[in-house]
Amino acid sequence: MSDNNTNTTTAVADAIPGQRDSDTAPLLQVRDLRKHFPIKGGFPIRRTVGAVKAVDGVDFEVYEGESLGLVGESGCGKSTTGRLLTRLYEPTQGTITYKGQDISHATRRQLAPIRSEIQMIFQDPYASLNPRQTVGSIIAGPMEINGINPPGGREARVRELLEIVGLNPEHYNRFPHEFSGGQRQRIGVARAVALEPKLIVADEPVSALDVSIQAQVVNLLQKVQREMGIAFVFIAHDLAIVRHFSQRVAVMYLGKIMEIADRDSLYNRPRHPYTHALMSAVPEADLDVEKRERIRLEGDVPSPIMPPSGCRFRTRCWKAQDKCATEEPPLVQISGNRSGHLTACHFPEEPTIEARAEDIVLDPALAALESDDKS
Ligand SMILES: Nc1ncnc2c1ncn2[C@@H]1O[C@H](COP(=O)(O)OP(=O)(O)O)[C@@H](O)[C@H]1O
Ligand code: SF4
Ligand SMILES: [Mg+2]
């Protein structure tokens, strides 16, 4: 296992510089990142009897101003990865490097100078805002914590932020319950951008919202990403939303990255059977059924306490062979892939698989946004 991991790390390190200027240093770099949650058991002495391997060796980087999408079914370790990046969790193993500085085990004090540069937006706009605080004090929170007094004062800055996120600056003194779900998520966005961060980890930021509202919030996030040059790690289980928002996409399964590529390469020519299956999993009505075979993902994601040997996807993979049970496929650039398109599979899909991208936009509002982008 450890040999494999070494290979994986080397492969990623070799493959990515080809995609960018070799002197472009990533804003954030993750190597062999792991988070194992201990399971306690036994009586009368409780001890560690196992571990939930929520994140189990991931490598990727995020470049300044880009949006990296992180997709995968529920339970595959996306949120845990997001919480590791923002250091809400301490990694069990591996490194997180931010602007060249190893922050994997940095203390609160060591993190203080960069705290304002890395922010998080959470899935649930109801739970993530303190109901007893006014919108003004919620958005001003990060300024207070970091002792920042913008020119013109905090209140003026909060009013400006409310305007940027499409809310009425006069609502400064209102409480979260007076807003709809979409508006609350706008408040979350205002709080996250208040200190002009370099990186935002957005964990399913629109999943809890009505479909009709999702596109508006995605549009707002895209606006702040572009206008403020903020890099995003955009976590979602919905491929349509990730496709719209991300320049590069990583597909996660059971704590590992199965495939990572630039958006068009991943959506038009998925090479990993899991990516292929996720793309087939869009509702029937949205598929041009004539045009392509559909793959049904059978069964559930196995337990992360004891992931399958070899390739973790093998228990659900229709292409699995003996080798898949004994050898873990490294995440590497395989023949037929574009530079920077890495796949972890011994028997990848043909590179000729035709574009599925047009099948994946589910919501007309998102489709409209996408055609705006192209024009
Ligand atoms: N604090 C925790 N303690 C124990 N297990 C956890 C904890 N947080 C998440 N897990 C487990 O880790 C796995 C990955 O969870 P998560 O990162 O939330 O996945 P996702 O966001 O992709 O749905 C799941 O099996 C989940 O039950
Ligand atoms: S390595 Fe084997 S089991 Fe894993 S995705 Fe590829 S073909 Fe399927
Ligand atoms: Mg999650």
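Figured I'd write up the structure that's included with this text. (Residues numbered from 1 in each chain as written. Chains lettered and ligands numbered in written order. Predicted model: local features only at pLDDT ≥ 70, side-chain atom pairs only at ≥ 80, totals over all residues.)

1. Let's talk about the sheet that holds strand S4 (residues 93–98)
Consider a sheet: its strands pair through backbone hydrogen bonds, and that pairing is either parallel or antiparallel. Note the following rule: When DSSP finds two or more bridges between a pair of strands, those strands are recorded as paired. Labels follow the DSSP assignment, with helices taken as runs of H or I lasting at least four residues and strands as runs of E lasting at least two, numbered in each case from the N terminus. Contacts here follow a simple rule: the backbone-placed C-beta atoms of the two residues must lie within 7 Å. Think of each axis as a best-fit line through the C-alpha atoms, taken over the contacting stretch in the case of a helix, with angles from 0 to 180 degrees between the N-to-C directions.
Here 4 strands make up an open sheet; going across it, the order is S2-S1-S4-S5 and the pairing antiparallel. Among the strands making up the open sheet, the edge pair consists of strand S2 (47–62) and strand S5 (101–102). Note: strand S1 (residues 28–41) against S4, 5 bridges, orientation antiparallel. Looking across to S4, one finds that glutamine 29 is bridged to threonine 97. Contacting S1, S2 and S4, helix H2 (residues 78–85) crosses the sheet at an angle of about 75° to S2.

2. Description of the site of ligand 1
For clarity, the threshold we go by: Being near a molecule or strand means, for a residue, that its backbone-placed C-beta atom lies within 6 Å of it. Only Asp, Glu, Lys and Arg are considered charged in this grouping, and only Ala, Val, Leu, Ile, Met, Phe, Trp, Tyr, Cys and Pro are considered nonpolar; every other residue, Gly among them, is considered polar.
Taken together, Phe37, Val52, Ala54, Gly72, Ser74, Gly75, Cys76, Gly77, Lys78, Ser79, Thr80 and Pro304 form the complete shell of residues around ligand 1. Listing elements by their share of the shell around ligand 1, those giving two or more residues are S2 and H2. For the shell around ligand 1, the residue count by class is 5 nonpolar, 6 polar and 1 charged.

3. Looking at the nonpolar core
We apply this condition: For this analysis, nonpolar core means a set of buried Ala, Val, Leu, Ile, Met, Phe, Trp, Tyr and Cys residues linked through C-beta atoms within 7 Å. Three exposure classes are used, all based on how many other C-beta atoms lie within 10 Å of a residue's own C-beta (placed from the backbone): buried at 20 or more, exposed at 12 or fewer, and partly exposed between those limits. Residue ranges labeled as domains rest on an automatic or database domain assignment.
Formed by 84 residues in total, the largest nonpolar core has its most connected members in Phe234 and Val251. Counting contributing residues, this core receives three or more from each of domain 1 (74–237) and domain 2 (261–284 + 291–375).

4. A word on the site of ligand 2
Residues in close proximity to ligand 2 include Pro273, Cys311, Phe313, Arg314, Cys317, Lys319, Ala320, Cys324, Pro329, Cys345, His346 and Phe347, which together make up its full environment. A per-class count over the shell around ligand 2 returns 9 nonpolar, 1 polar and 2 charged.

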